[in-house]
Amino acid sequence: MPFLVWKTIGGKKRLVMRWNKRIDGKPKIIKEVYIGDMENLARMMQSPMENVDAYSLDFGMTASILMTEKEIGLKSVIDDEIGHHANGLSPGDYALIFIMNRLSDPRSKSDIHEWMAKDFSSTLFHSATAQGFWNIMDRFSDEAMKRIREKMRDRLISLGYDDSRLFVDGSNFYTYMEENDMAKKGHNKKHRYDMNQVSYYIASNYDYIPFAGNSYAGNIPDVKTFQMIGDSTPDDAILIFDRDTIPGQI
């Protein structure tokens, strides 16, 4: 049920209509509509169609991600693992925003707020900032990422998704980062051999549901990753590799 509250904006009190929803037993704000002062509220009630400022927002991709998240619970897994005790966007919120943007209109972290202004996500989350992304990313350790992947894999299995046969494929992307533990020279798919690259693999079932995945240094050939892949996938799954990644070539 919506309700009205006063909120200080720019040093002035403004009316805001809010919608709350109980999530994990705690009330959380899921939507806000800014109204203004009492005079503006009176004008809206007396002439509801006067000076209407209508605009459209992209909806489809964000809505589909939200439906998927509702089923698999990625946000709660991330927040439980990383922790969130302050106001504002949680680590799980930032992860969802990042996924929504990458699947709809990829932007740099500094420009994601521009994408949000034209997307349905802006009605659900406060505008994400580049500094907010960097602060959150610093809290994701390798061990925490491993536990999140394992929890999501077990969650998918518990939901009944078929994990009996997993198709494994590796790829890479070049980066402008200087050489570090992950960014190394290698044979990247875009033939930018002058650039450092980061490699990764994904193990998915026949319905393209990913059950495992990880990134690794760009100078490690795909055939050297079989042990890592085997350790991260279900014990009884049949792993199907492409010709360049079969175990016999390790």
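Everything below is about the structure printed above this text.
Counting its secondary structure elements, the chain contains eight helices and eight strands. A globule of 250 residues ought to have a C-alpha radius of gyration of about 18 Å, yet the chain, at 23 Å, is considerably larger. For the chain, the residues scored as buried account for 34% of the 250 residues in total. Counting only contacts in the chain whose residues sit at least 6 apart along the sequence, the fraction spanning at least 24 positions is 48%. When the accessible surface of the chain is split by element, carbon and sulfur atoms take 54% of a total near 16,500 Å². For the chain, the centre of its 32 positive side-chain charges and the centre of its 36 negative side-chain charges are spaced 5 Å apart.

Here we take up the sheet that holds strand E2 (residues 12–23). Taking strand neighbours across the sheet as the criterion, the three strands line up as E1-E2-E3 in an open arrangement whose pairing is antiparallel. At either end of the open sheet lies a strand with only one pairing partner, and these are strand E1 (2–9) and strand E3 (26–36). Each strand of the sheet is rotated relative to its neighbour by a mean of 40 degrees, with strand direction disregarded. Alignment of E1 against E2, held across eight bridges, turns out to be antiparallel. The partner of Thr-8 across the bridge, within E2, is Lys-13. On top of the sheet, helix H1 (residues 38–46) reaches E1, E2 and E3; it is set at about 80 degrees to E3, its chief contact.

Its place among the elements puts Leu-41 in helix H1. For the pair Leu-41 and Arg-102, spaced 61 residues apart in sequence, the C-alpha separation works out to 38 Å. When near neighbours in sequence (up to four residues on either side) are disregarded, Leu-41 contacts Leu-4, Leu-15 and Ile-35.

Once that is clear, we can look at the packing of aromatic side chains. Following the criterion strictly, the structure yields seven aromatic pairs and no others. Between Phe-98 and Phe-133 the ring centres are 6.2 Å apart and the planes differ by 65 degrees, which places this aromatic pair in the edge-to-face class. Here Phe-133 lies in helix H6 (residues 130–137) and Phe-98 lies in helix H4 (residues 91–104), a separation of 35 residues in the sequence. Given the relative accessible area of 4%, Phe-133 is considered buried. Relative to Tyr-200, the ring of Phe-173 has its centre 6.2 Å away and its plane inclined at 40 degrees; by these criteria the two rings are tilted. In this pair, Phe-173 sits in strand E4 (residues 165–175) while Tyr-200 sits in strand E6 (residues 196–204), placing the two residues 27 residues apart along the sequence. Under the relative-accessibility criterion, Phe-173 is labelled partly exposed at 42%. Classification of Tyr-200 by relative accessible area gives partly exposed; the value is 29%. Each residue in the set Tyr-94, Phe-98 and Phe-133 is aromatic and connected to the rest through ring pairs, giving one cluster.

Turning our eyes to something else, we now look at the side chain of Ser-204. Counting through the fold element by element, Ser-204 comes out in strand E6. Residue classification places Ser-204 among the buried residues on the basis of a relative accessible area of 14%. Sequence-distant contacts of Ser-204, defined by excluding residues within four places in its chain, comprise Arg-165, Leu-166, Phe-167, Ile-209, Pro-210 and Phe-211.

This brings us to the environment of Leu-57. With respect to the helices and strands, the residue Leu-57 is situated in the loop between H1 and helix H2 (60–72). In this structure Leu-57 comes out as partly exposed when scored by relative accessible area, which is 25%. For the pair Leu-57 and Gly-218, spaced 161 residues apart in the sequence, the C-alpha separation amounts to 38 Å. Leaving out residues up to four positions away in the same chain, Leu-57 has contacts with Ala-117, Lys-118, Asp-119, Phe-120, Ser-122 and Thr-123.

Thresholds applied
- Residues numbered from 1 in each chain as written.
- Predicted model: local features only at pLDDT ≥ 70, side-chain atom pairs only at ≥ 80, totals over all residues.
- Heavy atoms only, no water.
- Helix = DSSP H or I, 4+ residues; strand = E, 2+ residues; numbered from the N terminus.
- Rg over C-alpha atoms; globule rule 2.2 N^0.38 Å.
- Buried < 20%, exposed > 50% of the residue type's maximum accessible area, 1.4 Å probe, protein only.
- Contact = heavy atoms within 4.5 Å.
- Areas by Shrake-Rupley, 256 points an atom, 1.4 Å probe, with all protein chains shown as cover.
- Lys, Arg positive; Asp, Glu negative; His and termini not counted.
- Charge placed at Lys NZ, Arg CZ, Asp CG, Glu CD.
- Pairing = 2+ DSSP bridges.
- Axes fitted to C-alpha atoms, helices over the stretch in contact; angles between N-to-C directions.
- Phe/Tyr/Trp six-rings, centres within 6.5 Å; stacked < 30°, edge-to-face > 60°.

All quantities given are derived from atomic positions and should not be read as evidence of function.
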